[in-house]
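Residue-level listing of the chains:
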Amino acid sequence: MKLIHLSDLHLGKRVNECSMLEDQQYILGEILRIIDSEAPDAVLIAGDVYDKSVPSAEAVTLLDDFLVQLASRRVQTCLISGNHDSAERLSFGGRLMDAAGIHIAPVYDGSLTPLTLSDEHGPVDIYLLPFLKPVQVRRFFPDEDIESYTDAMAAVLRAANVDTARRNVLVAHQFVAGAVPCESEELSVGGTDNVAVCVFDDFDYVALGHIHGPQKVGRETVRYCGTPLKYSFSEVSHKKSVTVVEMGEKGSVGIRTVPLVPRRDMSELRGTYNTLMLRENYEGKPFRNDYLHITLTDEEDIPNAVSNLRVVYPNLMRLDYDNARTRAGGVIEGADRAEQKPPLTLFGEFYESQNGTPMSEEQQAFADKLIASIWEEER
C-alpha cells in the first residue's frame with residue numbers, strides 16, 4: 001500500500017506580512033502532479049491545514065479546490081486538525097465527504113475508530129487523531145492520572161485497542177520529544193507539550209505534523225514530513241518534499257521523499273548597501289526574485305533602504321542591520337535553547353537580566369506557584 005504524507009499546509013498564512021496564497025496554490029498543484037505520478041492509495045494530511053482557527057475565505061476556497069481535485073482522482077484522503085485549526089470548523093460536513101473518499105477526523109469524543117483500507121497483504125488500519133491537549137482528554141478518562149501530553153496520548157491510544165497483529169498507521173499533530181523545531185512553529189515554553197515517542201510503539205507508521213522540518217523521531221517510521229513551503233527564514237536550508245510511504249507485509253515499510261520546488265524560494269543576503277546594489281552582484285542571479293531577508297552591515301542606517309532595495313530585489317521581506325550599534329543593543333544568550341528549559345528557570349533568567357540580581361527564595365516560590373496555576377489552566 002502506498003501512502004503520501006503531507007502536513008502543515010498553513011493555508012492563508014502571511015510571512016512578514018506577505019500573503020503566501022499564490023505560492024500555496026502553486027505548491028498544491030505540484031503536489032497533485034506528484035500524486036498523479038505516484039498513484040497512492042491514500043493521502044495523509046497531518047494537521048495545520050489552515051493557519052488560523054477562523055481562516056480567510058480565500059484559504060477555505062483553496063482547500064476546497066484541493067480536496068475536490070483529490071476526490072476526482074479517487075484517492076482516499078485522511079485529514080486531521082492541528083493546533084492552528086478549529087477541529088469543529090474543519091470537520092464540518094465530514095460525514096458527507098466520507099462517500100467522496102475525504103475522511104476528516106471529527107472532534108475527539110473519547111474514542112478512535114480507524115479507517116480500514118486493504119491491499120494484497122490484508123487490512124491497514126488508519127487512525128486519525130486531531131491535535132489534543134491534556135485538558136481535552138481528562139474528561140473522557142476521569143480515573144486516569146493525566147498530567148502531561150504524554151499521559152494524554154497514552155490514554156487515548158490505549159483506549160483505541162489497536163490490534164498489533166494488523167498493520168497500523170497513526171496520523172497525529174503533536175510535538176514529539178527529540179524533534180528539532182524552527183522559528184515558525186508554536187511550541188510551549190519549557191517543552192511542556194512534549195510527547196514521548198514510546199507511546200506510538202503499536203503503530204507501523206506514524207504520520208506527524210507540527211514540526212516544519214522533515215525528520216524522523218526515535219525510529220525511521222515516526223516521521224514529520226515538514227511543510228510544503230518555507231514559512232520562516234529559519235527554514236532557508238530546508239529541502240521541502242513530499243514523503244512517500246510504501247507498506248508491504250507486516251513489518252515492511254519503505255520511506256522516500258519527492259522534492260518540492262516552489263514558485264519562489266526563500267534566501268538570505270548580507271553585505272553593505274552599496275555592494276548589494278551593484279549591478280554585477282544581482283543581475284542574472286537566481287536569488288534576485290526570491291523572498292529575501294537582507295542584513296545590511298553599514299554602520300549608518302540607509303535612508304529609504306527598503307524601498308530602494310525593492311527596486312532590485314522586489315520580494316524583500318525583511319531588512320536588518322548588523323553593526324556596532326545593533327550588536328551593542330544586547331542579545332539574550334541561549335534564546336535558541338529556551339524550549340529545553342523549565343518555565344521557572346526561564347523566568348528567573350529574565351528577571352535577573354532586567355533587574356541585575358536573581359530572585360529571592362520568596363519570589364521564586366511565588367513565581368513557581370503562579371506558573372503552575374497558569375500551566376494547569378492551559379492543560
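As the structure is a prediction and not an experimental result, all values here were calculated from the model.

A. Examining the overall build of the protein chain more closely. Assigned secondary structure in the protein chain consists of 12 helices and 19 strands. A compact globule built from 379 residues would reach a C-alpha radius of gyration of about 21 Å, and the protein chain, at 23 Å, matches this within 12%. Along the longest, intermediate and shortest principal axes, the C-alpha atoms of the protein chain span 65 × 60 × 35 Å. Burial analysis of the protein chain (379 residues in total) assigns 48% to the buried set. Of the contacts formed within the protein chain by residues at least 6 apart in sequence, a portion of 70% connects residues at least 24 apart. Of the charged side chains in the protein chain, 37 are positive and 59 negative, and the gap between their average positions amounts to 5 Å.

B. View of the sheet that holds strand E5 (residues 76–80). Strand order across the open sheet formed by six strands is E6-E5-E4-E1-E15-E16, with mixed pairing between neighbours. Each edge of the open sheet carries a strand with a single partner, namely strand E6 (102–104) and strand E16 (253–259). Going across the sheet, the axis of each strand differs from the next one's by a mean of 20 degrees, ignoring polarity. Summarising the sheet, strand E15 (residues 241–247) and E16 pair through seven bridges and their orientation is antiparallel. What sits directly across from Ser 241, in E16, is Pro 259. Lying over the sheet, helix H1 (residues 21–38) contacts strand E1 (2–6), strand E4 (42–46), E15 and E16, oriented at roughly 170 degrees with respect to E1.

C. Representation of helix H2 (residues 57–72) in the model. Counted at 1.5 Å a residue, the expected span for H2 with its 16 residues is 22 Å, and the 22 Å between its end C-alpha atoms agrees. Buried within H2 are the following residues: Ala 59, Leu 62, Leu 63, Phe 66, Leu 67 and Leu 70. One face of H2 carries all of its buried residues, which in axial projection span an arc of 130 degrees. Turned more than 90 degrees off the buried face of H2, the exposed positions are Ala 57 and Ser 72. Looking at the packing, one finds that the buried side of H2 touches E1, H1, E4, E5, helix H3 (87–90) and E6. Downstream of H2 by one or two residues, Arg 74 has phi in the positive range, about 60 degrees.

D. Focus on a nonpolar patch on the surface. Among the surface-exposed residues, Phe 366, Leu 370 and Ile 374 lie close enough to one another that they form a single nonpolar patch of about 300 Å² accessible area. Assignment of secondary structure puts Ile 374 in helix H12 (residues 361–378).

E. Expanded view of the sheet that holds strand E7 (residues 115–119). Taken together, six strands build an open sheet; the order of strands is E7-E8-E9-E12-E14-E13 and the sheet is mixed. One side of each edge strand has no neighbouring strand; the edge strands of this open sheet are E7 and strand E13 (215–217). Averaged over neighbouring strand pairs, the angle between their axes works out to 30 degrees when direction is ignored.

F. Inspection of the environment of Asp 298 at higher detail. Mapping Asp 298 onto the fold places it in the loop between strand E18 (291–296) and helix H9 (305–312). Using a relative accessible area of 16% as the deciding quantity, one classes Asp 298 as buried. Along the sequence, Asp 298 and Lys 239 sit 59 residues apart, while their C-alpha atoms lie 32 Å from each other. Residues within four places of Asp 298 in sequence aside, it is in contact with Gly 271, Thr 272, Tyr 273, Tyr 321 and Asn 323. Within polar-contact distance, the side chain of Asp 298 engages the backbone nitrogen of Tyr 273 at 2.8 Å.

G. The arrangement of unusual backbone geometry in detail. Positive phi is not limited to glycine here, since His 10 has a value of about 50 degrees. Mapped onto the secondary structure, His 10 falls in the loop between E1 and strand E2 (14–15). Its relative accessible area of 1% is what places His 10 among the buried residues. Unlike most non-glycine residues, Asn 161 shows phi in positive territory, near 50 degrees. Inspection of the secondary structure assignment puts Asn 161 in the loop between helix H6 (149–159) and strand E9 (167–173).

H. Seen up close, the side chain of Glu 30. On the secondary structure map, Glu 30 appears in helix H1. With relative accessibility at 18%, the residue Glu 30 sits in the buried group. The residues touching Glu 30, leaving out its near neighbours within four places in the chain, are Leu 260 and Val 261.

I. Here's a closer look at the packing of H1 against H2. Across the interface, H1 lies against H2 with an axial gap of 11 Å and an inter-helix angle of 10 degrees. Put simply, H1 runs roughly parallel to H2. In this structure, H1 contributes Leu 21, Gln 24, Gln 25, Leu 28, Ile 31, Leu 32 and Ile 35 to the contact, and H2 contributes Glu 58, Ala 59, Leu 62, Phe 66, Gln 69 and Leu 70. Across the contact of H1 with H2, the residue classes tally to nine nonpolar, three polar and one charged.

J. The arrangement of the packing of aromatic side chains in detail. In total, this model carries three aromatic pairs according to the counting rule given. Measuring from centroid to centroid gives 5.7 Å for Tyr 127 and Phe 203, while their planes differ by 80 degrees, and the two rings are edge-to-face. Remark: Phe 203 occurs in the loop between strand E11 (194–195) and strand E12 (205–209) and Tyr 127 occurs in strand E8 (residues 122–129); sequence separation between them is 76 residues. Both residues of the pair, Tyr 127 and Phe 203, belong to the buried class. Lying across the ring of Tyr 231, Lys 13 places its NZ or CZ 5.8 Å from the centre. Here the guanidinium or amino end of Arg 264 rests over the ring plane of Tyr 291, the centre of that ring lying 5.3 Å away.

Each value, and the rule that gives it
Residues numbered from 1 in each chain as written. Predicted model: local features only at pLDDT ≥ 70, side-chain atom pairs only at ≥ 80, totals over all residues. Heavy atoms only, no water. Helix = DSSP H or I, 4+ residues; strand = E, 2+ residues; numbered from the N terminus. Rg over C-alpha atoms; globule rule 2.2 N^0.38 Å. Buried < 20%, exposed > 50% of the residue type's maximum accessible area, 1.4 Å probe, protein only. Contact = heavy atoms within 4.5 Å. Lys, Arg positive; Asp, Glu negative; His and termini not counted. Charge placed at Lys NZ, Arg CZ, Asp CG, Glu CD. Pairing = 2+ DSSP bridges. Axes fitted to C-alpha atoms, helices over the stretch in contact; angles between N-to-C directions. Expected span 1.5 Å × (residues − 1). Arc of directions from axis to C-beta. Patch = residues over 30% accessible without salt bridge, like charges linked within 9 Å, V, L, I, M, F, W, Y side chains within 5 Å. Areas by Shrake-Rupley, 256 points an atom, 1.4 Å probe, with all protein chains shown as cover. Salt bridge = Lys/Arg side-chain N within 4 Å of Asp/Glu carboxyl O. Polar contact = N/O pair within 3.5 Å; in protein donor to acceptor, adjacent residues only side chain to side chain. Parallel < 35°, antiparallel > 145°, perpendicular 65-115°, else oblique. Nonpolar A, V, L, I, M, F, W, Y, C, P; charged D, E, K, R; others polar. Phe/Tyr/Trp six-rings, centres within 6.5 Å; stacked < 30°, edge-to-face > 60°. Lys NZ or Arg CZ within 6 Å of the ring centre and 35° of its normal.

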